[in-house]
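Coordinate analysis (summary)
These are the residues of each chain, in order.
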Number of protein chains: 2
Amino acid sequence: MKDKDLGSLFYDGLKDIYYAERKILKALPKMARAAQSEMLRNAFLKHKEETETQKERLDKVFEALGKRAQGKTCPAIDGILEEGEEIMDEYKGMASIDAGLVAAAQAVEHYEMARYTTLSTWAKLLGHTDAANLLLETLAEEQATDKALMQLAKTDANKAAMAA
Amino acid sequence: MKDKDLGSLFYDGLKDIYYAERKILKALPKMARAAQSEMLRNAFLKHKEETETQKERLDKVFEALGKRAQGKTCPAIDGILEEGEEIMDEYKGMASIDAGLVAAAQAVEHYEMARYTTLSTWAKLLGHTDAANLLLETLAEEQATDKALMQLAKTDANKAAMAA
């Protein structure tokens, strides 16, 4: 059997994040509905639009590689989103839920930042310049989202602390 | 039923990361054994020692809050580590495995950075200054580990790209 090489790791990683983006797309409207503050609700809806673009960008990456766009079950994002579901169940309608939702969203962003950092590095090394640029574009968006969430985290946790 | 407040979110979050640290402690020796390069193997073993200290720091945080140190199943870390196991199975003994292992370790670090950022913010807002300082100490270590992994990522992926 031929060794599976970096190209194979790269393709597997793309399938993993493709699956993840589609799961996140389904989770965001639920998170928006669960949010108590309008600001957080809007942040989730805005991020849903961005996530749609990010999914399309991955379609372009697969295309650039001449490979079929396909997902592969990603237990990491399943687990991260499951923790978000737990928060939505256990803190439903409570003043503290927004702080919990922001924390859940930040865990999602951090997972994506780790993956897009790796994938863009591998794309560059493999000489897939177009793919690398598309992946770096998404990475920059995820970093900006994480920064915005960090601000909301302070506001929402503050409100929750005062309501306690 | 009384609303569950930020203090409850904080305590739940501590139990989640306590479980995660203990799972990571078990995973690191396996990752060290799977690594092909001595540099990566040593990095995992060094991080195992740090993780032991981080777990002990959490014991002190629980103690400072007058709460029992206990874990709570964290599906996120279970999923993230499961992806690491997949890499170890599918790329066993191959030149590309180190690049995959570094990527898996970075996903773990990013999860921890997200959680410690949130927990230290909440600790401060709740007035648990000692707990906040302990959590920030671990956060700084995780950030340093991620930076070191980023360097290894470039080296290991480079080697894998050349071996292909």
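Model, not experiment: these values are computed from the prediction.

Criteria and cut-off values
- Residues numbered from 1 in each chain as written.
- Chains lettered and ligands numbered in written order.
- Predicted model: local features only at pLDDT ≥ 70, side-chain atom pairs only at ≥ 80, totals over all residues.
- Heavy atoms only, no water.
- Helix = DSSP H or I, 4+ residues; strand = E, 2+ residues; numbered from the N terminus.
- Rg over C-alpha atoms; globule rule 2.2 N^0.38 Å.
- Buried < 20%, exposed > 50% of the residue type's maximum accessible area, 1.4 Å probe, protein only.
- Contact = heavy atoms within 4.5 Å.
- Lys, Arg positive; Asp, Glu negative; His and termini not counted.
- Charge placed at Lys NZ, Arg CZ, Asp CG, Glu CD.
- pLDDT = per-residue confidence, 0-100.
- Buried area = accessible area lost by both parts, 1.4 Å probe.
- Salt bridge = Lys/Arg side-chain N within 4 Å of Asp/Glu carboxyl O.
- Polar contact = N/O pair within 3.5 Å; in protein donor to acceptor, adjacent residues only side chain to side chain.
- Nonpolar A, V, L, I, M, F, W, Y, C, P; charged D, E, K, R; others polar.
- Least-squares fit on C-alpha atoms with pLDDT ≥ 70 in both.
- Axes fitted to C-alpha atoms, helices over the stretch in contact; angles between N-to-C directions.
- Parallel < 35°, antiparallel > 145°, perpendicular 65-115°, else oblique.
- Disulfide = S-S within 2.5 Å.
- Core = buried A, V, L, I, M, F, W, Y, C linked by side-chain atoms within 4.5 Å.
- Expected span 1.5 Å × (residues − 1).

**Observations regarding the overall build of chain A**
In terms of helices and strands, chain A carries five helices and zero strands. For chain A, the α and β elements follow one another from N to C terminus as α-α-α-α-α. A compact globule built from 164 residues should have a C-alpha radius of gyration of about 15 Å, and chain A, at 17 Å, falls within 12% of that. Put simply, chain A has 164 residues, and 55% of those count as buried. Long-range pairs, those at least 24 residues apart, make up 81% of the contacts in chain A with a sequence separation of at least 6. Averaging the locations of the 23 positively and 28 negatively charged side chains of chain A gives two centres separated by 3 Å.

**Describing the environment of A:A148**
For A:A148, the location among the structural elements is in helix α5 (residues 129-163). Residue classification places A:A148 among the partly exposed residues on the basis of a relative accessible area of 44%.

**As for the confidence of the model for chain A**
Residue and element names in this part refer to chain A. Considering every residue of chain A, the mean pLDDT works out to 94; 98% of them sit at 70 or more. At the level of individual helices and strands, chain A shows its lowest average pLDDT in α5, which scores 89, and its highest in helix α1 (residues 6-34), which scores 97. Interface scoring of the predicted complex returns ipTM 0.93; its pTM is 0.94.

**Focus: the interface of chain A and chain B**
Between chain A and chain B, the contact holds 47 residues from the first and 47 residues from the second. Here chain A meets chain B over a buried area of about 3,700 Å², counting both sides, of which 64% is carbon and sulfur. By the criterion of area lost to chain B, the three top residues of chain A are A:K4, A:E83 and A:Y91, representing 15% of everything that side buries. Counting across the chain A and chain B interface gives six salt bridges. Across the pair B:K4 and A:E90 runs a salt bridge, and its minimum N-O distance is 3.6 Å. Run the count over chain A and chain B and you get 17 residue pairs in polar contact (both at pLDDT 80 or more). Take the side of chain A that touches chain B: its biggest share by element is 16 residues, from helix α4 (residues 97-125) of chain A. Within the side of chain A that touches chain B, the residues separate by chemical class into 25 nonpolar, 10 polar and 12 charged.

**Topic: the relation of the copies chain A and chain B**
For the pair chain A and chain B, the relating rotation is 180 degrees, the translation along its axis is 0.0 Å, and the fit reaches an RMSD of 0.0 Å. Interpreted geometrically, this transformation is the action of a two-fold axis. Both copies share a contact surface, since 100% of the interface residues of chain A are interface residues in chain B too.

**Looking at the pattern of salt bridges**
Overall, the coordinates contain 22 salt bridges over all chains when judged by the stated rule. The shortest N-O distance in the salt bridge between B:E83 and A:R115 comes to 2.9 Å. Here A:R115 lies in helix α4 and B:E83 lies in helix α3 (residues 75-90), a pairing that spans two chains. Given the relative accessible area of 12%, A:R115 is considered buried.

**A short note on the packing of helix α3 (residues 75-90) of chain A against α3(B)**
It is at 7 Å that the axes of α3(A) and α3(B) come closest, and there the two elements cross at 175 degrees. In terms of orientation, α3(A) lies roughly antiparallel with respect to α3(B). In contact with A:P75, A:A76, A:G79, A:I80, A:E82, A:E83 and A:E86 of α3(A), α3(B) contributes B:P75, B:A76, B:G79, B:I80, B:E82, B:E83 and B:E86. Split by residue class, the contact of α3(A) with α3(B) holds six nonpolar, two polar and six charged.

**Comments concerning the state of the cysteines**
For the structure on display, the rule yields zero disulfides over all chains. Between A:C74, a free cysteine, and B:C74, which holds the nearest cysteine sulfur, the sulfur-to-sulfur gap is 14 Å.

**Details of the nonpolar core**
Soluble globular proteins tend to pack their nonpolar side chains together in the buried interior. Ranked by internal contacts, the top residues of the largest apolar core, which has 110 residues, are A:I77 and B:I77. Not counting residues within four places of it along the chain, the set of residues in contact with A:I77 comprises A:Y19, A:A20, A:K23, A:I24, A:V108 and A:Y111.

**Details of helix α2 (residues 38-65) of chain A**
When the terminal C-alpha atoms of α2(A) are compared, their 41 Å separation across 28 residues agrees well with the 40 Å that a helix rising 1.5 Å per residue should span. If you follow the buried residues of α2(A), they end up packed against α1, α4 and α5 of chain A.

**What to know about the environment of A:I87**
Along the chain, A:I87 falls in helix α3. Assessed through its relative accessible area of 16%, A:I87 is described here as buried. Along the sequence, A:I87 and A:L119 sit 32 residues apart, while their C-alpha atoms lie 30 Å from each other. Apart from the residues within four sequence positions on either side, A:I87 is in contact with A:K92, A:I97, A:G100, A:L101 and B:L9.

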